[in-house]
Amino acid sequence: MAGTVLGVGPGVFILALLCVLMLLLCMLLSRTSGLARFSVIMVFFSAVIVMLVLLLFPRASEFPAPATEMKIVDTFFIGRYVLVSLLTVTFLGSLFLVLVHHVLEPVYAKPLRVN
């Protein structure tokens, strides 16, 4: 089953994120004063409605479609090698600059003593 993490699909994570955001927003709004404090009720009910819609009207069917033979194609082949070559050039340039700095270390003159 593609798109699952720990045996659950993305819908469970969307519902958990919605619950966390709703609780966080309710806690933040409960600390306000005036009419903004009563907007907690609207946030709670709107989150409940969205949750019910997501739970009662799922997009996918309960039974997965039969698996078909898939051919794996690397579509990012050229891009990956361009990135690797850029990283290699950057690394070699940085190494060259470090070695130049190491070899051409500045020699400071000793201060003269004034009597």
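Higher on the page you've got the structure.
Rules used throughout
- One numbering rule holds for all chains: residues counted from 1, following each sequence as written.
- For a predicted model such as this one, the threshold for reporting local features is a pLDDT of at least 70, and the threshold for listing and counting side-chain atom pairs is 80 or more; totals across whole chains, interfaces and linings nevertheless cover every residue.
- Working from all heavy atoms in the structure, the side-chain values ignore hydrogens and water.
- Note on ring pairs: Phe, Tyr and Trp rings are taken, using the six-membered ring of Trp, and paired if centres are within 6.5 Å. Classes follow the plane angle, with under 30 degrees stacked, over 60 edge-to-face and the rest tilted.
- Note on conventions: DSSP H or I runs of at least 4 residues are helices, E runs of at least 2 residues are strands, and numbering of each starts at the N terminus.
- Only protein chains enter the calculation, and the probe is 1.4 Å; a residue is then buried if its accessible area is under 20% of its type maximum, exposed if over 50%, and partly exposed in between.
- Salt bridges, as used here, are contacts in which a Lys or Arg side-chain nitrogen is within 4 Å of a carboxyl oxygen on Asp or Glu.
- Disulfide assignment relies on a single distance test, namely cysteine sulfur atoms paired within 2.5 Å.

A.B. asks: Give me the packing of aromatic side chains: which residues, what numbers.
C.D. replies: With the rule as written, the count across this model stands at 2 aromatic pairs. Arranged with centres 5.6 Å apart and planes meeting at 65°, the rings of Phe-44 and Phe-45 form a pair that is edge-to-face. On the numbers, 4.9 Å between centres and 65° between planes, the contact of Phe-77 with Tyr-81 is edge-to-face. Remark: Tyr-81 and Phe-77 occur in helix H3 (residues 77-103); sequence separation between them is 4 residues, near one turn of the helix. For Phe-77, a relative accessible area of 45% corresponds to the partly exposed category.

A.B. asks: Report on the pattern of salt bridges, specifying residues and quantitative values.
C.D. replies: Tallying each qualifying case throughout the model produces 1 salt bridge. Arg-80 is the partner of Asp-74 in a salt bridge, and the nearest nitrogen-oxygen pair spans 2.8 Å. The class for Arg-80 is partly exposed, based on a relative accessible area of 39%.

A.B. asks: So what about the state of the cysteines? Which residues, and what values?
C.D. replies: Scanning the model with the defined rule gives 0 disulfides in all. Its sulfur unpaired, Cys-19 is 11 Å from the next cysteine sulfur, which belongs to Cys-26. Residue classification places Cys-19 among the partly exposed residues on the basis of a relative accessible area of 27%.

A.B. asks: Describe the environment of Val-82, with residues and values.
C.D. replies: The topology assignment puts Val-82 in helix H3. Its relative accessible area of 42% is what places Val-82 among the partly exposed residues. It is 45 Å that separates the C-alpha atoms of Val-82 and Ala-47, two residues lying 35 residues apart in sequence.

As far as function goes, none of this settles anything; it's purely spatial.
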